[in-house]
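Survey of secondary and tertiary structure
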Amino acid sequence: MCGIVAFIGDRSAKDVLIEGLTRLEYRGYDSAGIAIIEKDKIEVFRAKGKLSILKELVADKELTASIGIGHTRWATHGKPSYENAHPHFSNHIAVVHNGIIENYLQLKEELIQKGYDFKSETDTEVIAHLIDSLYEGDLFDAVRKGIKRLKGSYAIAAISEKEPDRIVVARYDSPLVIGISEDDVFAASDIPAVLNYTREFIFLEEGDVALLRKGSIKIFNGEEEVTRESKHIDWNPVMAEKSGYKHFMLKEIYEQPRGIIDTIRGKYSLEDGKIYFGEIDFERINNIKKIVIVACGTSWHAGLIGKFYIENLARISVEVDIASEFRYRNPIIDEETLLLPISQSGETADTIAALRLSKKSGAKVVSICNVVGSTIARESDGVIYTHAGPEIGVASTKAFTTQLVSLFLFALFLAQKREKLSRDEIKWYLGELIKLPEKIELVLKHDKYIERIARDFINFKNFLYLGRHYNYPIALEGALKLKEISYIHAEGYPAGEMKHGPIALIDKDMPVFVLGTKSEIYDKILSNVEEVKARSGIVISTVTEGDEDIRGKSDYVIEVPSCIDELTPFLNSVVIQLFAYHCANLLGLDVDQPRNLAKSVTVE
């Protein structure tokens, strides 16, 4: 949700913090602030609105501090305002926080009784006053005592005027990494914040509290000092920049061929017709009777397609659950269940909760995520990394398609192990998969054409997306993309369900986006197009190259290369991503940071 960054070392703290917040602004952009210790005094700079306002505020400040903390906010408790912006201050202590403190009202009442005056509506100000109330000359000790009183989720960074040589950080159910570069020490919600300075990271675990000093890190969990192994991250800082594209989202759409190549590399042998997942011990999961996929948002749509892949290829029963509902319905999970969580960040709160609930019931866990060392990755029995690289745009694009690749490969892996497909069949599927990046490149060449189509639809208020079989989840994803970045209302449906309600809405003011690529049920989707046209609906269709049948029944047509049914979702995904992107861009909207949304939903 929110993004935090902290620094102590030999550099300008102001510069490090502002750069870090710039790279974390996708996590929240309602307000921002920094606190630095300048000549033994904490100076706090805060601003409501985008980070650019804070940048202007501090641009001309001659600040020499080499220690500080920063925050970019996605509002939970309290509206976006100057008063609710972080950092929050209590006497000599400043704090930034990502998460939600569930018992903050109880703690607030206690602290008011002790004489503390609250200036904001946030739950975070409680943390600042709580730490101050427990302070007896040792900030590290005060934070350790304070977090024992907190219920909920938190990643915290705290500094004190009385101890200007240290930062104390802590995490529980919210992501926090520590970066190391000689005497410089960094902490942040996400890796891209400090990639310009280091590639060496320590991923804090639940309940960890760390004391950061120049060139020194000490980590405790409970009363024990612990060692956390550092990991080298291969991401290049340039990967987190726009590289000449107008928006991160457009850049990330174009990065999909490379992301797919990176995700499949090293996981197969075309010559042998074999899939390799060194991250997965098949002997631990070979007795599974069913698979349960849990995910949220776009990752849930990937899971719906994964169900088709696994059931069709490996012949294992698959359930797909929205993670936020899974944990509240007393699911039937046991030792013969494989849980498959999907999360771009590996820190999605509801998905983590589903994982932990399932493990308590004896389930094995193999996860799909993009971030090495994330909570979901650490707590799983096996991990399939997507290798999409950092995804900055809030609307997921390359993370989605690399999740689909991972699911397709995993389905082939299970089919191989369970002897549901022959070696020659697996070789054939792999051969088709290897052609996919080149075919996506061909779809990307339609970018300007899709922009021209989008221009005709930016003033419509409603949209309907239709797809069948492998592509009905792409209809859901297309509607989601259009909603979240263009603010045009859209609904996605399995095309066969159109007659069960949505058809009542179809008229000249209801455009229908049909995923009409060739498939075994092509005739069915063709019939749906005819039903739309019979009711004066406007039809935009994706079609397989050379298909004249659906072309003659559609108002707009976008051609994609021919490919096997299983891989059509990839090509259709690129089309619906570009269409949504251009609608939003033509409307002059903030594509990368749509209102009310944040990249990683790390609180419930």
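The following refers to the structure shown. Note that this is a predicted model, so its numbers are computed, not measured.

1. Here's the deal with the pairing of strand β23 (residues 462-467)
Here β23 lies mainly inside the structure; five of its six residues are buried. As judged from the six bridges shared by β23 and strand β24 (residues 489-494), these two strands associate in the parallel manner. When the bridges of β24 are listed, Gly467 appears paired with Pro494. Between the parallel pair β23 and β24, the chain is carried across by helix α17 (residues 472-486), and the sense of this crossover is right-handed. Taken together, the three bridges between β23 and strand β25 (residues 511-515) define a ladder with parallel strand orientation. Among the inter-strand pairings, Leu464 is bridged to a residue of β25, identified as Val512.

2. As for the packing of aromatic side chains
Taken as a whole and judged by the stated rule, the model has 22 aromatic pairs. Relative to Phe408, the ring of Tyr309 has its centre 5.1 Å away and its plane inclined at 70°; by these criteria the two rings are edge-to-face. A residue pair is termed long-range when its members are at least 10 positions apart, and Tyr309 in helix α9 (residues 297-314) and Phe408 in helix α13 (residues 398-417) qualify at 99 residues. Relative accessible area serves as the criterion here: at 0%, Tyr309 is assigned to the buried category. According to the relative accessible area criterion, Phe408 is buried, its value standing at 0%. Seen from their ring centres, Phe513 and Phe579 are 5.3 Å apart, and the 70° between their planes marks the pair as edge-to-face.

3. Regarding the packing of helix α1 (residues 13-24) against helix α2 (residues 51-58)
Two measures define how a pair of helices packs: the angle their axes make with one another and the distance between the axes. At a closest axis distance of 10 Å, the pairing of α1 and α2 adopts a crossing angle of 165°. Here α1 lies roughly antiparallel to α2, going by the angle between them. Taken as a pair, α1 and α2 cross one another with a handedness that is left-handed. Taking contact as the criterion, the partners of Lys14, Ile18, Leu21 and Thr22 in α1 are, on α2, Leu51, Leu54, Lys55 and Val58. Grouping the amino acids of the contact of α1 with α2 by side-chain chemistry returns five nonpolar, one polar and two charged.

4. Quick word on the side chain of Asn84
Tracing the backbone through its elements, the reader meets Asn84 in the loop between β4 (67-73) and β5 (88-90). On the basis of relative accessible area, Asn84 is assigned to the buried category, the value being 1%. Within polar-contact distance, the side chain of Asn84 engages the backbone nitrogen of Glu121 at 2.8 Å. Filtering out sequence-adjacent residues up to four positions away, Asn84 remains in contact with Arg73, Gly78, Lys79, Ser120, Glu121 and Thr122.

5. Observations regarding unusual backbone geometry
Leaving glycine out, the prevailing phi sign among residues is negative, and the prevailing peptide bond configuration is trans. Omega for the peptide link from His86 to Pro87 comes to 0°, which places this bond in the cis form. Here Pro87 shows up in the loop between β4 and β5. Here Asp40, not a glycine, exhibits a phi torsion of approximately 65°, which is positive. Mapped onto the fold, Asp40 is located in the loop between β2 (31-38) and β3 (41-48). Positioned with a positive phi, His469 is a non-glycine residue whose angle comes to about 55°. Mapped onto the secondary structure, His469 falls in the loop between β23 and α17. For His469, a relative accessible area of 30% puts it in the partly exposed group.

6. With respect to the pairing of strand β11 (residues 200-203)
Relative to β11, strand β9 (residues 177-181) runs antiparallel, the two being bridged by four bridges. Paired with Val177 across the strands is Phe203, a residue of β11. Two strands pair when backbone bridges link them, and β11 and strand β15 (residues 230-232) are joined in this way by three bridges, in the antiparallel orientation. Of the residues in β15, the one forming a bridge with Glu200 is His232.

7. Quick look at the nonpolar core
If you look at the biggest cluster of nonpolar residues, it comprises 88 residues, and the most contacted ones within it are Ile291, Ile310, Phe410, Leu414, Tyr465 and Phe579. No other element matches α13, which puts 12 residues into this core. Non-local contacts of Phe579, meaning those with residues more than four positions away in its chain, are made with Ile450, Ile453, Ala454, Phe457, Phe463, Tyr465, Leu482, Phe513 and Ile540. Listed in part, the 36 residues of the second largest apolar core include Leu63, Ile233, Trp235 and Phe248.

8. Considering helix α15 (residues 436-444)
Turning to α15, its buried residues number three or more, namely Leu436, Pro437, Lys439, Ile440, Val443 and Leu444. Down the axis of α15, the buried side of the element spans an arc of 160°, and every buried residue falls inside it.

9. Brief notes about the sheet that holds β23
Strand order across the open sheet formed by five strands is β24-β23-β25-β26-β27, with parallel pairing between neighbours. The sheet is open, and its two edges are formed by β24 and β27 (556-560), each paired on a single side. Adjacent strand axes in the sheet meet at a mean angle of 20°, parallel and antiparallel pairs treated alike. Across five bridges, the pairing between β25 and strand β26 (residues 538-544) is parallel.

10. Considerations on the sheet that holds strand β21 (residues 364-369)
Here we have five strands laid out as an open sheet, ordered β19-β18-β20-β21-β22, and parallel in their pairing. Where the open sheet ends on each side, the last strands, each with one partner, are β19 (317-322) and β22 (382-385). Pairwise comparison of adjacent strand axes, ignoring direction, gives a mean angle of 20° for this sheet. Of the strand pairs in this sheet, strand β18 (residues 290-295) and β19 are connected by six bridges, and their pairing is parallel. Bridging from a neighbouring strand, Lys290 pairs with Ser317 of β19. Most of the contacts of helix α11 (residues 349-360) go to strand β20 (residues 337-343), to which it runs at about 165°, and overall it touches β18, β20 and β21.

The rules behind the values
Residues numbered from 1 in each chain as written. Predicted model: local features only at pLDDT ≥ 70, side-chain atom pairs only at ≥ 80, totals over all residues. Heavy atoms only, no water. Buried < 20%, exposed > 50% of the residue type's maximum accessible area, 1.4 Å probe, protein only. Helix = DSSP H or I, 4+ residues; strand = E, 2+ residues; numbered from the N terminus. Pairing = 2+ DSSP bridges. Right-handed = clockwise from strand over helix to strand, strands pointing away. Phe/Tyr/Trp six-rings, centres within 6.5 Å; stacked < 30°, edge-to-face > 60°. Axes fitted to C-alpha atoms, helices over the stretch in contact; angles between N-to-C directions. Parallel < 35°, antiparallel > 145°, perpendicular 65-115°, else oblique. Left-handed = near helix turned anticlockwise from the far one by under 90°. Contact = heavy atoms within 4.5 Å. Nonpolar A, V, L, I, M, F, W, Y, C, P; charged D, E, K, R; others polar. Polar contact = N/O pair within 3.5 Å; in protein donor to acceptor, adjacent residues only side chain to side chain. Core = buried A, V, L, I, M, F, W, Y, C linked by side-chain atoms within 4.5 Å. Arc of directions from axis to C-beta.

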